[in-house]
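# Results of the structural survey
One letter stands for each residue in the lines below.
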Number of protein chains: 2
Amino acid sequence: MAKKHEMIYRDLVRKITHQLYQSGTFLPSENELAALYGASRETVRKALGSLLENGFIHKIKGKGSLVLGLDKYAFPISGLTSYRELDSLFDMHTDTQVLQLAQTTVPQTLFHLEADEELPATYIQRLRIVNGEPLVIDNDYVLTNVVPHISKGVAQDSLYRYFEETLNLEIGYGSKEFTVVPATEGQRQILKLPPNSSVVSVKGITHLQDNTLLQFTESIHRADKFKFIEHARRKML
Amino acid sequence: MAKKHEMIYRDLVRKITHQLYQSGTFLPSENELAALYGASRETVRKALGSLLENGFIHKIKGKGSLVLGLDKYAFPISGLTSYRELDSLFDMHTDTQVLQLAQTTVPQTLFHLEADEELPATYIQRLRIVNGEPLVIDNDYVLTNVVPHISKGVAQDSLYRYFEETLNLEIGYGSKEFTVVPATEGQRQILKLPPNSSVVSVKGITHLQDNTLLQFTESIHRADKFKFIEHARRKML
DNA sequence: GAGTGGTCTAGACCACATG
DNA sequence: ATGTGGTCTAGACCACTCG
């Protein structure tokens, strides 16, 4: 399962992060890379496309692929959504507390569902504690017709690992919506927030590769600790 | 300047939004589309890649390209950053008020610059009023060595239009950082917010195609009106 | 003019889904 | 067995940059 353009992508990421290719310099040309990796130019270009998407390089026509990475004006990291995903990259002494685990249905108003829909689901509420501070409340609704049962041990560990490694479900795509809302009384208590605090609500819907609806999520983040960074290219469409 | 894969992309977007291809159904196969548009399959695939990126379709191996768009569980719109970009898509009775326009240097602490750097820039502060409500304060610092002068008329209209159409500058790429912070006294007054309000700060850096640093921006959004939606595919890298 | 990235092609083989 | 998308190739022509 080793796709060539992914191998090239990973190798280039490694060489950039290890500064074998330094920021401010140009990568070898596409033809040179093709020769280097024994690949066609289009395949190299696929790898470079991934580097572009993730903010590692910027391409300049007629000149080459400029390494960005550690540019002095660049913001720290690209494409991460809050601490939940930060945890997996850095060591942050993260703890997870399972607060609730029960059978219910997906709350209709929260996710803009039609009034008459009843979607049976396992409700999991978890508190994410980073460096001793309660930072995030994850509220997950996992549809029962896809995942019949979820144990406390699985909730404590990782839902995604359970889905992918044990159940062999393949995550496909999803959408997320970020808004800032006043904290509810319950959220204030759990996150130990002062009165009139705001939280960042990240609502998400996740589908499997085969388009099956899997999961609804609302993550409640302490607003003062929330950060989202995005790298964008000018879209010419 | 009509790139084939863009033409195909635009045509497919049109047909999806006009429901000639309805959500829940599959697009014609890649081979059929190639024949339809008189293009090679790889070119069609480039167009489909754009549709994928923008959340219009989901591809399933062995089956086809599933149209999403108006799926009943999908969130409304993908890839937009708040009202600033919403305005350009919908008619929203938007007004812009130029509050300040002056020569300064880019504030060092705000954008994590090194202490000894002095970047001369034109500072523009603008208030965005949507449907009579003051929603966003845009603070732009446009580097003087790239754009020597900006008139009030230009600030009132659109900086980007001026950069691209009049000065023929090509926007390349940028990064954005979203955080939630307490409103300053000045922001509270301008946005007419109650005490102890929070705002969403979107800090951005914009580069030109040739990698020249163009602009620093901090947009201050009313937190209760801010929304950001993202479509994500499972990344297999 | 030589080198670069941007686009496009016509073919090939594979893994997967479906009947 | 057929059709689908996923990957890869070897070549072509273009627009751009730079000496």
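Everything that follows concerns the structure shown earlier in this document.
Computed from a prediction, not measured in an experiment: that's the story for all the values here.

### Some remarks on the protein's contact with DNA strand D
- Close contacts around DNA strand D come from 24 residues, with Lys4 and Ser40 of chain A together with Glu30, Arg41 and Glu42 of chain B the closest.
- Here, DNA strand D places atoms within 4 Å of the protein, and 66% of those atoms are sugar or phosphate.
- The separation between a base nitrogen of DNA strand D and a polar side-chain atom of Glu42 of chain B is 2.2 Å.
- Contacts to DNA strand D include Gly62 of chain B, whose backbone N or O atom sits 3.2 Å from a base nitrogen.
- Only α1 (4-17) and α3 (41-53) of chain A together with α3 (41-53), β1 (57-60) and β2 (64-67) of chain B provide two or more residues apiece to the surface near DNA strand D.

### Some details on the packing of α1 of chain A against α3 of chain A
All names here are of chain A.
- With their axes 8 Å apart at the nearest point, α1 and α3 run at an angle of 50 degrees to one another. Relative to α3, α1 is oriented oblique. Of the two elements, α1 crosses α3, and the hand of that crossing is right-handed. Only Thr43, Val44, Lys46, Ala47, Leu48, Ser50 and Leu51 of α3 make contact with α1, whose side of the interface consists of Lys4, His5, Ile8, Tyr9, Leu12, Val13 and Ile16.
- In the contact of α1 with α3, the residues fall into 9 nonpolar, 3 polar and 2 charged.

### Focus on helix α6 (residues 159-166) of chain B
All names here are of chain B.
- Of all the positions in α6, only Leu159, Tyr162 and Phe163 are classed as buried. One side of α6 holds all its buried residues, which, seen down the axis, span an arc of 95 degrees.
- Looking at the packing, one finds that the buried side of α6 touches β4 (120-130), β5 (133-143), α5 (152-156) and β8 (213-222).
- The N-cap of α6, judged by a side-chain oxygen 3.4 Å from the amide nitrogen of Tyr160 a few residues on, is Ser158.
- Backbone geometry just after α6 places Asn168 at a positive phi near 55 degrees.

### Some thoughts on the interface of chain A and chain B
- With 53 residues of chain A at the contact, the number on the chain B side is 54 residues.
- Roughly 5000 Å² of surface becomes buried between chain A and chain B when both sides are summed, with 56% attributable to carbon and sulfur atoms.
- Where chain A meets chain B, there are 2 residue pairs in polar contact (both at pLDDT 80 or more).
- Within the residue set of the side of chain A that touches chain B, elements represented by two or more residues are α1, α3, β1 (57-60), α6 (159-166), β6 (171-182), β7 (198-208), β8 (213-222) and β9 (227-233) of chain A.
- Counting residues per element, the side of chain A that touches chain B draws most heavily on β6 of chain A, at 10 residues.
- Residues belonging to the side of chain A that touches chain B are distributed by class as follows: 25 nonpolar, 12 polar and 16 charged.

### Comments concerning the relation of the copies chain A and chain B
- Superposing chain A onto chain B takes a rotation of 180 degrees plus a shift of 0.0 Å along the axis, which leaves an RMSD of 0.1 Å. With respect to symmetry, the two chain copies, as superposed, fit the operation of a two-fold axis. Across chain A, the rotation axis passes nearest the C-alpha of Ser198 of chain A, at a separation of 3.7 Å.
- Interface residue correspondence from chain A to chain B reaches 100%, placing this contact among same-surface, isologous pairings.

Thresholds applied
Residues numbered from 1 in each chain as written. Chains lettered and ligands numbered in written order. Predicted model: local features only at pLDDT ≥ 70, side-chain atom pairs only at ≥ 80, totals over all residues. Heavy atoms only, no water. Near = heavy atom within 4 Å. Polar contact = N/O pair within 3.5 Å; in protein donor to acceptor, adjacent residues only side chain to side chain. Helix = DSSP H or I, 4+ residues; strand = E, 2+ residues; numbered from the N terminus. Axes fitted to C-alpha atoms, helices over the stretch in contact; angles between N-to-C directions. Parallel < 35°, antiparallel > 145°, perpendicular 65-115°, else oblique. Left-handed = near helix turned anticlockwise from the far one by under 90°. Contact = heavy atoms within 4.5 Å. Nonpolar A, V, L, I, M, F, W, Y, C, P; charged D, E, K, R; others polar. Buried < 20%, exposed > 50% of the residue type's maximum accessible area, 1.4 Å probe, protein only. Arc of directions from axis to C-beta. Buried area = accessible area lost by both parts, 1.4 Å probe. Least-squares fit on C-alpha atoms with pLDDT ≥ 70 in both.

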